[in-house]
Structure formats: C-alpha cells, structure tokens
Amino acid sequence: GNNILIGHRAGDTITTGNLNVMVGDGAGGNAAVDTAGATLIGYNAGSGVSGSSMTIIGSGAGGSVNSASATVIVGSDAGRNITGSNNIILGHSAVADGAGDASDIIAIGKSALEKVTTGDSNIGIGTSALGVLTDGEKNVAIGDSALRTNVGGDYNTAIGVNALRYLSASATHENVAVGYNAMRGDGGGFTGLYNTAVGTYAMENPTTASYNTVMGRSAGVNMTTALESVIIGYTAGNALTTGNYNT
C-alpha cells in the first residue's frame, strides 16, 4: 500500500512493499515484491531492484541494485550493475559497468568509478575519475582523469586533473598527489609506493619511484625511479631522474 506507480510496467511486481514512487515505462519493473521506500524515475530505472530507501533517477539507472539500502543513483545508465549499499552515484555511466557489491562509494561525473566491482569506500569525482578501478579500496580521486587507470591499488589520494592518472599496479598504494598533472606518470604505468607530490606538474613522470616527498611547481618533474628523496621548491630537482636519498 501507499505506493505511487505511473507508467507501463512500473512497479508491476510489487505486492507487500510500500512507500514507493515509481514513474516511467518499466520503472521498478520486476522489482522484489517487498521493495520499500524506493523512488524510481525514468525508463527502466531500478528495473529488478530489491531493498529499501533508494533514489534512482535516469533511463536504465540502477538496473541491478539488489538488497541495497541508502543508495542514490542519478544519470542515464548510472549504477546499472552495482548491488552494494550506501552509495552515491551521479552522472552518465558513472559506475555503469562494474558488477559487484561495492559499498560506501561516491561517484560523481561521467564514467566515474565506471568499472568498480568490489572496491569499497572509494570516492571518484570528475569525468573518468577512478574510471577502471575494480577492487581497490579507500581511494580518493578528485578531478578529470584523476587515478584513471588504477585497478586495484588502495589508499591513494589524487586531487587535480590528471593527478596520478597512470597509476596502475594492484600493489601500488598510499600515494598522495595534489595539483594538475601531479605524479601523473606515463602511459606505461606508474607502480611506485608511498610518494607525496604537491604542485602543478610535481613529480610528473614517475615509473617506479617510491618513498619520495616533492613540493613545488614542476619540482622533481623528471623523477622516474628515484627513492627516498625530499625535493622542495619551484623546479627543484627537475634534473633528477634515478638518484636516491636526495634532499
């Protein structure tokens, strides 16, 4: 009872569920009979869902949300295959392809966290931020293409367009990059650990560099495999490539 169902096949399987609003052709179609507290708006929005306290808006959005709660999904095809709870997903194709139970994620922007499967507690804000992550956890990416190629790395923080863009290895953890192209890496993939880079172009081209602290515009811009160095200042250390233990 207390349901509002508008549209062909909208909420067509609801029997005991209540407090639902389902608007659009197929919205909430084939939903679990006891789905409750769901707001589903759009063609096939929330088709086949189960759970409670969900807001799903957009054509094809939230198509596989299963036993989920406290989830907000807005955007065409957003969150169409994810089944976890406590997620906020906003943007066309955000979390569109990942099929798993990832929970506690925030994805805002076209194709943000698009392929996440089981990676919990990730934040991706910006077009393609954390775009191919699958099972990595507790990463923060803010900016277009930030941490774009990270698949399974954990505890990385990238703030700025292209920050940590080419981080790729599953065992690549705990890097912090702040600034446009900070610790971007190259197309071959960056596999370093425990680096901190702050500044536009700071430590822009690493490959396996680890345990470094770099601060300043274009500081350490050519570091590739250097270890345990501290570089501070505008263009400081920009001739350094492979040397270790520099200050």
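Residues numbered from 1 in each chain as written. Predicted model: local features only at pLDDT ≥ 70, side-chain atom pairs only at ≥ 80, totals over all residues. Heavy atoms only, no water.

Asks: Can you lay out the nonpolar core for me, pointing to particular residues and giving the numbers?
Replies: Ile56, Val95, Leu113, Val116, Leu164 and Val214 are the most contacted members of the largest nonpolar core, which totals 50 residues. Listing elements by their share of this core, those giving two or more residues are β3 (36-41), β4 (51-57) and β5 (68-74). Sequence-distant contacts of Leu113, that is, excluding residues within four places in its chain, are made with Val95, Ile105, Ile106, Ala107, Asn122, Ile123, Gly124, Ala129, Leu130, Gly131 and Leu133. (Core = buried A, V, L, I, M, F, W, Y, C linked by side-chain atoms within 4.5 Å. Buried < 20%, exposed > 50% of the residue type's maximum accessible area, 1.4 Å probe, protein only. Helix = DSSP H or I, 4+ residues; strand = E, 2+ residues; numbered from the N terminus. Contact = heavy atoms within 4.5 Å.)

Asks: Any chance you could break down the side chain of Asp154 for me, citing the residues and the numbers?
Replies: Examined against the element boundaries, Asp154 turns out to sit in the loop between β9 (140-142) and β10 (157-159). Salt bridges are absent for the buried Asp154, whose nearest opposite-charge side chain, Lys138, sits at 7.7 Å. At 2.7 Å, the side chain of Asp154 forms a polar contact with the backbone nitrogen of Glu137. Once you skip the residues sitting within four places of it in the chain, Asp154 turns out to touch Asp135, Gly136, Glu137, Asn139, Thr172, His173 and Glu174. (Lys, Arg positive; Asp, Glu negative; His and termini not counted. Salt bridge = Lys/Arg side-chain N within 4 Å of Asp/Glu carboxyl O. Polar contact = N/O pair within 3.5 Å; in protein donor to acceptor, adjacent residues only side chain to side chain.)

Asks: For unusual backbone geometry, give the residues involved together with the corresponding values.
Replies: Its identity as a non-glycine residue notwithstanding, Leu19 has a phi of 60 degrees, on the positive side. With respect to the helices, strands and loops of the structure, Leu19 is situated in the loop between β1 (4-6) and β2 (21-23).

Asks: Talk me through the pattern of salt bridges; I want residue IDs and the actual numbers.
Replies: Opposite charge on two side chains permits pairing when their charged atoms draw close. Summed over the entire model, instances satisfying the criterion amount to six salt bridges. Here Asp25 ties to Arg9 by a salt bridge, and the two come within 3.3 Å at their closest N and O atoms. Within this pair, whereas Asp25 is found in the loop between β2 and β3, its partner Arg9 is found in the loop between β1 and β2, the two being separated by 16 residues in sequence. A residue is classified by how much of its surface remains accessible, and Asp25, at 32% relative accessible area, is partly exposed. The residue Asp97 makes a salt bridge to Arg80 at a minimum N-O spacing of 2.8 Å. Of this pair, Asp97 sits in the loop between β6 (88-90) and β7 (106-108) while Arg80 sits in the loop between β5 and β6; the two residues are 17 residues apart in sequence, bridging distant segments of the chain. Classification of Arg80 by relative accessible area gives partly exposed; the value is 29%. Among the charged side chains, a salt-bridge network with shared partners connects Asp77, Arg80, Asp97 and Lys115.

Asks: Tell me about the environment of Gly109, residues and numbers included.
Replies: Inspection of the secondary structure puts Gly109 in the loop between β7 and β8 (123-125). Separated by 15 residues in sequence, Gly109 and Gly124 have C-alpha atoms that sit 8.0 Å apart. In this view, Gly109 contacts Leu90, Gly91, His92, Ala94 and Gly126; residues no more than four positions away in its chain are not counted.

Asks: So, the packing of aromatic side chains: which residues are in play, and what are the values?
Replies: Applying the stated criterion across every chain, the model contains two aromatic pairs. A ring pair is formed by Tyr180 and Tyr201, whose centres lie 5.5 Å apart and whose planes are at 80 degrees; its orientation type is edge-to-face. You can see Tyr180 sitting in the loop between β11 (176-178) and β12 (196-198) and its partner Tyr201 sitting in the loop between β12 and β13 (213-215), a full 21 residues away along the chain. The class of Tyr201 is partly exposed, set by a relative accessible area of 24%. Considering the side-chain rings of Tyr194 and Tyr211, the 5.2 Å spacing of their centres and the 35 degrees angle between planes classify their relative orientation as tilted. Residue Tyr194 is found in the loop between β11 and β12, and its partner Tyr211 is found in the loop between β12 and β13; the two are separated by 17 residues along the sequence. (Phe/Tyr/Trp six-rings, centres within 6.5 Å; stacked < 30°, edge-to-face > 60°.)

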